[in-house]
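Inside the fold
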Amino acid sequence: MIELRTPTQIEQMRPAGRFVASVISALAEKADVGVNLLELDAMAHDMIRAQGAESCYIDYHPSFGAMPFGKVLCTSVNEAVLHGLPHDYVLQDGDLLSVDFAASVDGWVADSALSVVVGTPRQEDLDLIATTDRALAAGIAAATVGNRTGDISAAIGDVAREAGLRVNLQFGGHGVGRTMHGDPHIANDGRAGRGLKLRAGLVIAIEPWFLHTTDEIYIDKDGWTIKSQDGSRGAHMEHTIAVTDDGPLVLTARG
Ligand code: MG
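This paragraph deals with the overall build of the protein. Summing up its helical and strand segments, the protein has four helices and 14 strands in all. Since a compact globule built from 255 residues should have a radius of gyration of about 18 Å, the 17 Å found for the protein is in line with a globular shape. Projecting the C-alpha coordinates of the protein onto the three principal axes gives extents of approximately 45 × 45 × 35 Å. When burial is assessed residue by residue, the protein has 55% of its 255 residues classed as buried. Taking the intrachain contacts of the protein between residues at least 6 apart in sequence as the baseline, contacts between residues at least 24 apart amount to 69%. In the form shown here, the protein has an accessible surface area of approximately 10800 Å², with 49% of it arising from carbon and sulfur atoms. Once the 20 positive and 34 negative side-chain charges of the protein are each reduced to a mean point, those two points are 5 Å apart.

Moving on, we come to unusual backbone geometry. Here the amide bond leading from D183 into P184 is cis, since omega sits at 0 degrees, within 30 degrees of zero. Locating P184 in the fold gives a position in strand β7 (residues 182-186). The phi dihedral of N78 falls on the positive side, at around 60 degrees, and the residue is not glycine. On the basis of relative accessibility, which here comes to 11%, the residue N78 falls in the buried class. For D106, which is not glycine, the phi dihedral falls at a positive 55 degrees. For D106, the location among the structural elements is in the loop between β4 (96-105) and β5 (108-117).

Here we take up the pairing of strand β2 (residues 74-77). Of the two faces of β2, the one carrying C74 and S76 and the one carrying T75 and V77 are both buried. Pairing of β2 with β4 involves four bridges; the strand directions are antiparallel. Residue pairing for β4: V77 is matched across the bridge by L97.

In this structure, S232 sits in the loop between β11 (226-228) and β12 (234-236). Owing to a relative accessible area of 11%, S232 belongs among the buried residues under this scheme. Reaching out from S232, the side chain makes a polar contact with the side chain of T213 at a distance of 3.1 Å. Non-local contacts of S232, meaning those with residues more than four positions away in its chain, are made with N78, E79, L211, H212, T213 and T214.

Turning our attention to the coordination of the magnesium ion. Taken together, the protein ligands of the magnesium ion are D100 (OD), D111 (OD) and E238 (OE), with distances of 2.0 to 2.1 Å. D100 sits in the buried class, given a relative accessible area of 8%.

A word on the sheet that holds β11. Across the sheet, which stays open at both edges, the three strands sit in the order β3-β11-β10 with antiparallel pairing between neighbours. Across the chains shown, the open sheet's two edge strands, defined by having one partner strand only, are β3 (80-82) and β10 (217-219). Averaged over all adjacent pairs, the angle separating strand axes in this sheet is 45 degrees, with direction ignored. Here three bridges tie β10 to β11, and the two strands are oriented antiparallel to one another. Looking at the pairing, I219 lines up with I226 of β11.

As enumerated under the stated definition, the model contains nine salt bridges in all. The network of salt bridges with common partners includes D158, R161 and D189.

Once that is clear, we can look at the packing of aromatic side chains. Under the counting rule described, the total for this entry stands at four aromatic pairs. Ring centres of Y60 and W224 lie 6.4 Å apart, and the angle between their planes is 35 degrees; on these two criteria the pair is classed as tilted. Here Y60 is found in the loop between β1 (54-55) and β2, whereas its partner W224 is found in the loop between β10 and β11, with 164 residues between them in sequence. For W224, a relative accessible area of 2% gives the class buried. Cluster of aromatic residues (ring-pair linked, three or more members): Y57, Y60, F69 and W224.

With 19 residues, helix α3 (residues 123-141) should reach 27 Å at 1.5 Å per residue; the first-to-last C-alpha distance of 27 Å fits that figure. When we look at burial in α3, the residues that qualify are D125, L128, I129, T131, T132, A135, L136, G139 and I140.

Reading guide: rules and limits
Residues numbered from 1 in each chain as written. Predicted model: local features only at pLDDT ≥ 70, side-chain atom pairs only at ≥ 80, totals over all residues. Heavy atoms only, no water. Helix = DSSP H or I, 4+ residues; strand = E, 2+ residues; numbered from the N terminus. Rg over C-alpha atoms; globule rule 2.2 N^0.38 Å. Buried < 20%, exposed > 50% of the residue type's maximum accessible area, 1.4 Å probe, protein only. Contact = heavy atoms within 4.5 Å. Areas by Shrake-Rupley, 256 points an atom, 1.4 Å probe, with all protein chains shown as cover. Lys, Arg positive; Asp, Glu negative; His and termini not counted. Charge placed at Lys NZ, Arg CZ, Asp CG, Glu CD. Pairing = 2+ DSSP bridges. Polar contact = N/O pair within 3.5 Å; in protein donor to acceptor, adjacent residues only side chain to side chain. Donors = N, O, S within 2.8 Å, 3.2 Å for Na, K, Ca; no water. Axes fitted to C-alpha atoms, helices over the stretch in contact; angles between N-to-C directions. Salt bridge = Lys/Arg side-chain N within 4 Å of Asp/Glu carboxyl O. Phe/Tyr/Trp six-rings, centres within 6.5 Å; stacked < 30°, edge-to-face > 60°. Expected span 1.5 Å × (residues − 1).

Next comes the structure, spelled out in structure tokens:
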């Protein structure tokens, strides 16, 4: 079911967006060579407590999950790209880290993700992150009243194709509201002019993620972490946005 939010409700969603943005910024600041993924999760957990927010992940138990997630943050390193279950791992020089965080504040959810390189970067990783970020920007720019979900998908897919990347269609963006995942699904590639017509009040997470040399993935033995089939690295960028009569409003914009 597609739910549209009133301008008042979108205003009520801003604190969740600001909080999630602040956690993503703090994680990007903290992520460095020598930092354990469990420290990043603990920091996000502390910020949730301080804010009086609620984690969307800790009790999350979808059909594809082996057990409740049990952490408040996704940390995906190198060939891991989505749903990375934080574990006892110390970040190494040159690691490509993607963090994905969703929380509820005052009953409204926001969801955002960011990829960074810790220590000395490889140029190809910086390029992959930049392409993914460009795809996110293109997807957001297409999220205007009167466009369709396929316009967002096509805008994302076009950026990937121009960069010579393949797009996996299994996981993509989604409606966001009282819960983390709602309709519509926003695939990371598609045909312009197709799909649901975008109306003011639609709140969605747009989240391109790409792998260097494949679109094939598998789930790690931890039951959650999604990795590239060929071991190539991945990047993931996500914002929660509201479609408004004044254009797309990025609720998780980082200051
Ligand atoms: Mg997310």
